[in-house]
Structure formats: C-alpha cells, structure tokens
Amino acid sequence: MINPSTLDLKTLPWLPLDEKTAFPKRPAIYFAIDSLGNIQYIGRAKNVRSRWSKHHKYEELNAIGNIKIAYLFIDLLDLLPEIETALIEYFNPPLNIQLKIVTENIESKLLKSKRQDPNYTKVTADIEKEIASKTRAICALTGISLSDAVNEALKLWIEKKKADEKFEI
C-alpha cells in the first residue's frame, strides 16, 4: 500500500485552486497545500474535477490564499477511502475536522466475533491524540485491526514490565 512517511508531496502533479475547472477527471486522493507547504485538507474523489465543481471547502481554502491542489492518482477505487483515512490520520490536516474511520466489513465481523469470545473483553482508554492518530494510520496501511495492534503492544509492555520489575503475573 502507501507509506505516508515516504510520500513526497512535491513530486505530485498539482494545479492552483482557482483553476478547478482544469482539474483532472481521474480518481485520486487530493491534498490542499498552502504556500508554506502545509497540508490544509485531504480528500478523495472518483473524479477530482467534478468533486471540486461545488466543493464544500472551496471558500475556506480560497480565503487562505495561494492554495494548490496536488493529486495522488489511485486507480483502485475500492482503496480510496482506506488510503484517504490513513493519510488524514498521518498528516492530520486542520480542515479535516470530522474524520470518519472507515472499517471494512471483514474487520467489523472480526471485532464482533471477538466481543462474543470469552477470551476477550472490551477496554476503554484515553490515548494521546498523536499516538492514536499514528496507530490508526499504521493499522489502515498494514491491514491490522486496531484491537490486534493494541493487544500486541500490551503484550510487549507486560513482558517488559515483568522482566524489568520482576512481576509475577
């Protein structure tokens, strides 16, 4: 899949925001980037030009000024939501206020089956925003469920604590 840390936005094709009628008619993840190189917004579209004809963020981005829209073309339409989610989680652009995490049907079924498994229990925890964002991005990019990632991290932590502090659990 795509590794956000190796994505060089400067190499992506782009057009100024005010040239939205010239945007490509291709499926892509698009990045609204300001004059300082900061990503202000990330979105996805099956047809970028059509999406931007009446985009809900146009006025807000236009007010920032000197915005360019860069494109990461994705021909596999089924992957658009997953890639968009991972990139938003990784870059955390300010105008992507409400991010809906897309959960695949397989993961949903897996989570439901774990909830019914007596060896699993649901735990709620407060996690630092940056750690949560990076964890979600890595999960989306690697196809690992958040539950499995947390389980693995906690297993490692328990083993380290047992070794460091001689806990008998």
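Above: the structure in question.
Residues numbered from 1 in each chain as written. Predicted model: local features only at pLDDT ≥ 70, side-chain atom pairs only at ≥ 80, totals over all residues. Heavy atoms only, no water.

Colleague: Break down helix H3 (residues 80-91) for me, with residues and values.
Modeller: The terminal C-alpha atoms of H3 lie 16 Å apart, and with twelve residues this matches the ideal 16 Å at 1.5 Å per residue to within 8%. In terms of burial, H3 is largely enclosed, as ten of its twelve residues are buried. Restricting attention to buried positions, one finds in H3 the residues Leu80, Pro81, Glu82, Ile83, Glu84, Thr85, Ala86, Leu87, Ile88 and Glu89. Once H3 finishes, Asn92 follows within two positions and takes phi at roughly 50 degrees, a positive value. (Helix = DSSP H or I, 4+ residues; strand = E, 2+ residues; numbered from the N terminus. Expected span 1.5 Å × (residues − 1). Buried < 20%, exposed > 50% of the residue type's maximum accessible area, 1.4 Å probe, protein only.)

Colleague: Lay out a nonpolar patch on the surface with the relevant residues and their values.
Modeller: Nonpolar side chains collect at one region of the surface, where Leu146, Val150, Leu154, Trp157 and Ile158 lie side by side and expose about 450 Å² of accessible area between them. Mapped onto the fold, Trp157 is located in helix H6 (residues 146-165). (Patch = residues over 30% accessible without salt bridge, like charges linked within 9 Å, V, L, I, M, F, W, Y side chains within 5 Å. Areas by Shrake-Rupley, 256 points an atom, 1.4 Å probe, with all protein chains shown as cover. Salt bridge = Lys/Arg side-chain N within 4 Å of Asp/Glu carboxyl O.)

Colleague: Requested: an account of the sheet that holds strand S2 (residues 28-33), with residues and values cited.
Modeller: Whenever strands of a sheet pair, they do so through backbone hydrogen bonds, lying parallel or antiparallel. Strands sit in the order S1-S4-S2-S3 across an open sheet of four strands; the sheet is antiparallel. A strand with exactly one partner marks an edge of an open sheet, and here the two such strands are strand S1 (14-16) and strand S3 (39-45). Neighbour-to-neighbour, the strand axes of this sheet turn through a mean angle of 20 degrees, independent of strand direction. Both S1 and strand S4 (residues 68-73) contribute to a ladder of three bridges, which runs antiparallel. When the bridges of S4 are listed, Pro16 appears paired with Lys68. (Pairing = 2+ DSSP bridges. Axes fitted to C-alpha atoms, helices over the stretch in contact; angles between N-to-C directions.)

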